[in-house]
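Now for the letters of each chain:
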Amino acid sequence: MMLETFAPYRSSEFQVKFATSAWERSQAHALRRAVFCEEQQIFEGDDRDAIDDQAIPIVALSMLGIAADQLVGTVRIHQAEPGLWWGSRLAVHQDFRKIGALGATLIKLAVSSANAIGCHTFLANVQVQNGLLFRRLHWDVIEEFEVYGKPHLRMKADLAYYPPCATPEAGFTALSRKAA
(Lines give C-alpha, C1' and ligand atoms only; values in the text may rest on other atoms or scores of the structure.)
Protein backbone atom coordinates (compact mmCIF):
# COMPACT_ATOMS: atom_id res chain seq x y z
CA MET A 1 0.00 0.00 0.00
CA MET A 2 1.34 3.39 -1.02
CA LEU A 3 0.94 6.22 1.43
CA GLU A 4 2.36 9.34 -0.08
CA THR A 5 1.57 12.78 1.16
CA PHE A 6 0.30 15.33 -1.28
CA ALA A 7 1.44 18.92 -1.40
CA PRO A 8 -1.24 21.27 -0.09
CA TYR A 9 -3.44 22.78 -2.78
CA ARG A 10 -2.31 26.24 -3.90
CA SER A 11 -4.52 28.32 -6.10
CA SER A 12 -2.99 29.51 -9.35
CA GLU A 13 -5.38 32.43 -9.84
CA PHE A 14 -5.65 35.54 -7.70
CA GLN A 15 -7.81 38.65 -7.69
CA VAL A 16 -6.17 41.91 -6.62
CA LYS A 17 -8.71 44.62 -5.78
CA PHE A 18 -9.80 47.26 -3.32
CA ALA A 19 -10.97 45.68 -0.06
CA THR A 20 -14.76 45.96 -0.27
CA SER A 21 -15.91 43.84 2.68
CA ALA A 22 -15.30 43.76 6.42
CA TRP A 23 -13.62 40.33 6.28
CA GLU A 24 -11.15 41.55 3.65
CA ARG A 25 -10.18 44.57 5.77
CA SER A 26 -9.92 42.41 8.89
CA GLN A 27 -7.76 39.79 7.18
CA ALA A 28 -5.56 42.50 5.61
CA HIS A 29 -4.79 43.84 9.09
CA ALA A 30 -4.19 40.30 10.37
CA LEU A 31 -1.71 39.66 7.54
CA ARG A 32 0.08 42.94 8.25
CA ARG A 33 0.38 42.00 11.93
CA ALA A 34 1.75 38.57 10.99
CA VAL A 35 4.37 40.06 8.64
CA PHE A 36 5.39 43.30 10.36
CA CYS A 37 4.88 42.39 14.05
CA GLU A 38 5.49 38.65 14.32
CA GLU A 39 7.80 37.81 11.41
CA GLN A 40 9.86 41.00 10.98
CA GLN A 41 9.33 42.33 14.54
CA ILE A 42 9.24 45.91 13.30
CA PHE A 43 6.23 46.76 15.47
CA GLU A 44 5.16 45.41 18.83
CA GLY A 45 1.61 44.04 18.93
CA ASP A 46 0.06 45.97 16.03
CA ASP A 47 1.20 48.05 13.05
CA ARG A 48 -1.89 50.23 12.71
CA ASP A 49 -1.38 53.98 12.70
CA ALA A 50 -3.27 57.18 11.90
CA ILE A 51 -2.84 56.57 8.15
CA ASP A 52 -5.22 53.59 8.42
CA ASP A 53 -8.06 56.05 9.17
CA GLN A 54 -7.80 57.46 5.63
CA ALA A 55 -6.03 54.71 3.68
CA ILE A 56 -7.62 52.53 1.04
CA PRO A 57 -6.70 48.88 1.61
CA ILE A 58 -5.97 46.74 -1.43
CA VAL A 59 -6.03 42.95 -1.14
CA ALA A 60 -4.87 39.89 -3.09
CA LEU A 61 -7.25 36.95 -2.82
CA SER A 62 -6.56 33.39 -3.87
CA MET A 63 -9.49 32.18 -5.92
CA LEU A 64 -11.31 28.86 -6.19
CA GLY A 65 -13.24 29.41 -9.38
CA ILE A 66 -15.21 32.60 -8.76
CA ALA A 67 -15.04 32.42 -4.95
CA ALA A 68 -12.33 33.93 -2.78
CA ASP A 69 -10.51 31.27 -0.78
CA GLN A 70 -7.92 33.18 1.26
CA LEU A 71 -6.43 36.65 1.59
CA VAL A 72 -2.76 36.30 0.60
CA GLY A 73 -1.53 39.88 0.15
CA THR A 74 -2.26 43.49 0.94
CA VAL A 75 -1.06 47.07 0.54
CA ARG A 76 -2.63 50.39 1.47
CA ILE A 77 -2.67 53.71 -0.35
CA HIS A 78 -3.52 57.20 0.80
CA GLN A 79 -3.44 60.74 -0.50
CA ALA A 80 -1.17 62.89 1.70
CA GLU A 81 -2.03 66.10 -0.15
CA PRO A 82 -3.82 66.80 -3.44
CA GLY A 83 -2.13 64.71 -6.12
CA LEU A 84 0.53 63.22 -3.80
CA TRP A 85 -0.18 59.55 -3.03
CA TRP A 86 1.70 57.04 -0.91
CA GLY A 87 1.71 53.27 -0.84
CA SER A 88 2.65 51.46 2.35
CA ARG A 89 2.47 48.21 4.33
CA LEU A 90 2.91 45.91 1.31
CA ALA A 91 2.67 42.38 2.69
CA VAL A 92 2.37 38.96 1.06
CA HIS A 93 1.63 35.81 3.05
CA GLN A 94 4.81 33.79 3.56
CA ASP A 95 3.41 30.76 1.72
CA PHE A 96 2.72 32.86 -1.40
CA ARG A 97 5.87 34.98 -1.77
CA LYS A 98 7.33 32.85 -4.55
CA ILE A 99 4.37 33.81 -6.71
CA GLY A 100 6.06 36.86 -8.19
CA ALA A 101 2.91 38.27 -9.70
CA LEU A 102 1.26 39.01 -6.34
CA GLY A 103 3.49 41.82 -5.08
CA ALA A 104 3.80 43.30 -8.56
CA THR A 105 0.03 43.23 -9.12
CA LEU A 106 -0.66 44.82 -5.72
CA ILE A 107 1.78 47.60 -6.65
CA LYS A 108 0.25 47.97 -10.13
CA LEU A 109 -3.28 48.41 -8.76
CA ALA A 110 -2.08 50.77 -6.02
CA VAL A 111 -0.46 53.16 -8.50
CA SER A 112 -2.99 52.72 -11.34
CA SER A 113 -6.00 53.38 -9.10
CA ALA A 114 -4.38 56.51 -7.61
CA ASN A 115 -3.48 57.60 -11.14
CA ALA A 116 -7.17 57.37 -12.07
CA ILE A 117 -8.13 59.84 -9.34
CA GLY A 118 -5.64 62.62 -9.91
CA CYS A 119 -2.27 61.35 -8.72
CA HIS A 120 0.70 63.33 -10.02
CA THR A 121 3.27 61.73 -7.68
CA PHE A 122 3.23 58.26 -6.10
CA LEU A 123 5.81 57.46 -3.40
CA ALA A 124 6.65 54.57 -1.11
CA ASN A 125 9.21 53.82 1.57
CA VAL A 126 10.52 50.41 0.53
CA GLN A 127 12.63 47.99 2.53
CA VAL A 128 16.00 47.68 0.78
CA GLN A 129 15.55 43.97 0.02
CA ASN A 130 12.45 44.84 -2.04
CA GLY A 131 14.11 47.63 -4.02
CA LEU A 132 14.92 45.43 -7.03
CA LEU A 133 11.26 44.46 -7.45
CA PHE A 134 10.24 48.13 -7.46
CA ARG A 135 13.04 49.09 -9.87
CA ARG A 136 11.84 46.40 -12.27
CA LEU A 137 8.37 47.96 -12.01
CA HIS A 138 9.66 51.39 -13.11
CA TRP A 139 10.29 53.03 -9.76
CA ASP A 140 13.25 55.33 -9.06
CA VAL A 141 15.17 55.71 -5.80
CA ILE A 142 14.91 59.22 -4.39
CA GLU A 143 16.86 58.64 -1.18
CA GLU A 144 18.13 56.00 1.22
CA PHE A 145 17.38 56.22 4.95
CA GLU A 146 16.58 54.17 8.01
CA VAL A 147 13.14 53.80 9.55
CA TYR A 148 11.98 51.41 12.28
CA GLY A 149 15.62 50.35 12.59
CA LYS A 150 15.75 48.99 9.02
CA PRO A 151 17.32 50.43 5.85
CA HIS A 152 14.72 51.77 3.41
CA LEU A 153 14.56 53.42 0.03
CA ARG A 154 12.19 56.28 -0.70
CA MET A 155 10.99 55.46 -4.19
CA LYS A 156 8.85 57.18 -6.81
CA ALA A 157 6.72 55.42 -9.43
CA ASP A 158 7.02 56.39 -13.08
CA LEU A 159 3.32 57.04 -13.73
CA ALA A 160 3.77 56.57 -17.49
CA TYR A 161 3.92 52.81 -16.82
CA TYR A 162 0.71 52.77 -14.77
CA PRO A 163 -2.37 53.57 -16.86
CA PRO A 164 -5.33 54.74 -14.80
CA CYS A 165 -7.57 51.97 -13.46
CA ALA A 166 -11.12 53.24 -13.09
CA THR A 167 -12.49 49.94 -11.66
CA PRO A 168 -10.30 49.15 -8.62
CA GLU A 169 -13.18 47.42 -6.80
CA ALA A 170 -12.91 44.69 -9.46
CA GLY A 171 -9.16 45.08 -9.83
CA PHE A 172 -6.84 42.76 -11.73
CA THR A 173 -6.32 39.02 -12.06
CA ALA A 174 -2.87 37.62 -11.33
CA LEU A 175 -1.79 34.12 -12.35
CA SER A 176 1.00 32.20 -10.72
CA ARG A 177 3.93 31.44 -13.02
CA LYS A 178 3.03 27.78 -12.80
CA ALA A 179 -0.41 28.49 -14.30
CA ALA A 180 0.71 31.12 -16.78
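Residues numbered from 1 in each chain as written. Predicted model: local features only at pLDDT ≥ 70, side-chain atom pairs only at ≥ 80, totals over all residues. Heavy atoms only, no water.

Asker: Run through the overall build of the protein chain, naming residues and quoting values.
Answerer: A count of helices and strands for the protein chain gives three helices and eight strands. Its helices and strands in sequence order give the protein chain the pattern β-α-β-β-β-α-β-α-β-β-β, from N to C terminus. Residue burial in the protein chain is summarised as follows: out of 180 residues, 43% are buried. When contacts within the protein chain are restricted to residue pairs at least 6 apart in sequence, those whose partners lie at least 24 apart make up 64%. A total accessible area of about 10100 Å² is found for the protein chain, and carbon and sulfur atoms account for 52% of it. (Helix = DSSP H or I, 4+ residues; strand = E, 2+ residues; numbered from the N terminus. Buried < 20%, exposed > 50% of the residue type's maximum accessible area, 1.4 Å probe, protein only. Contact = heavy atoms within 4.5 Å. Areas by Shrake-Rupley, 256 points an atom, 1.4 Å probe, with all protein chains shown as cover.)

Asker: How would you sum up the packing of aromatic side chains? Please name residues and give values.
Answerer: Inspection of the entire model under this criterion finds four aromatic pairs. For the pair phenylalanine 14 and phenylalanine 96, a centre-to-centre distance of 6.0 Å together with 85° between the ring planes defines the contact as edge-to-face. Highlighted residues: phenylalanine 14 in strand S1 (residues 13-18) and phenylalanine 96 in the loop between strand S4 (84-92) and helix H2 (101-116), separated in sequence by 82 residues. Following the ring pairs from residue to residue traces out a cluster consisting of Phe122, Phe134 and Trp139. We note lysine 108 situated over the ring of phenylalanine 172; from NZ or CZ to the ring centre the distance is 4.5 Å. Lying over the aromatic face of phenylalanine 145, arginine 154 brings its terminal NZ or CZ to 4.8 Å of the ring centre. (Phe/Tyr/Trp six-rings, centres within 6.5 Å; stacked < 30°, edge-to-face > 60°. Lys NZ or Arg CZ within 6 Å of the ring centre and 35° of its normal.)

Asker: Quick rundown of the nonpolar core? Include the residues and the values.
Answerer: Side chains of a nonpolar character, in soluble globular proteins, are inclined to be buried together. By size, the foremost hydrophobic cluster in this structure holds 34 residues, and its most contacted members are Ile58, Leu102, Val111, Phe122 and Trp139. Where this core is concerned, the elements lending two or more residues are S1, strand S2 (56-64), strand S3 (67-81), S4, H2, strand S5 (121-127) and strand S7 (150-157). Top element by residues in this core is H2. It accounts for eight residues. Excluding residues within four positions of it along the chain, leucine 102 makes contact with Phe14, Ala60, Val72, Val92 and Phe96. With 13 residues, the next largest nonpolar core counts Leu31, Ile42, Phe43 and Met63 among its residues. (Core = buried A, V, L, I, M, F, W, Y, C linked by side-chain atoms within 4.5 Å.)

Asker: Describe the environment of glycine 118, with residues and values.
Answerer: By the secondary structure assignment, glycine 118 is in the loop between H2 and S5. Classification of glycine 118 as partly exposed rests on a relative accessible area of 47%. Taking the C-alpha atoms as reference, glycine 118 lies 9.8 Å from glutamine 79; in sequence the two are 39 residues apart.

Asker: Hey, could you go over the pattern of salt bridges for me, with residue numbers and the actual values?
Answerer: Pairing between side chains of opposite charge can happen when the charged atoms of each approach one another. Inspection of every chain in the model, using the stated rule, returns 11 salt bridges. A salt bridge links lysine 17 to glutamate 24, with the nearest nitrogen and oxygen atoms 3.0 Å apart. Across the pair aspartate 46 and arginine 33 runs a salt bridge, and its minimum N-O distance is 3.8 Å. Remark: arginine 33 occurs in helix H1 (residues 22-39) and aspartate 46 occurs in the loop between H1 and S2; sequence separation between them is 13 residues. (Salt bridge = Lys/Arg side-chain N within 4 Å of Asp/Glu carboxyl O.)

None of this, on its own, says anything about what the molecule does.
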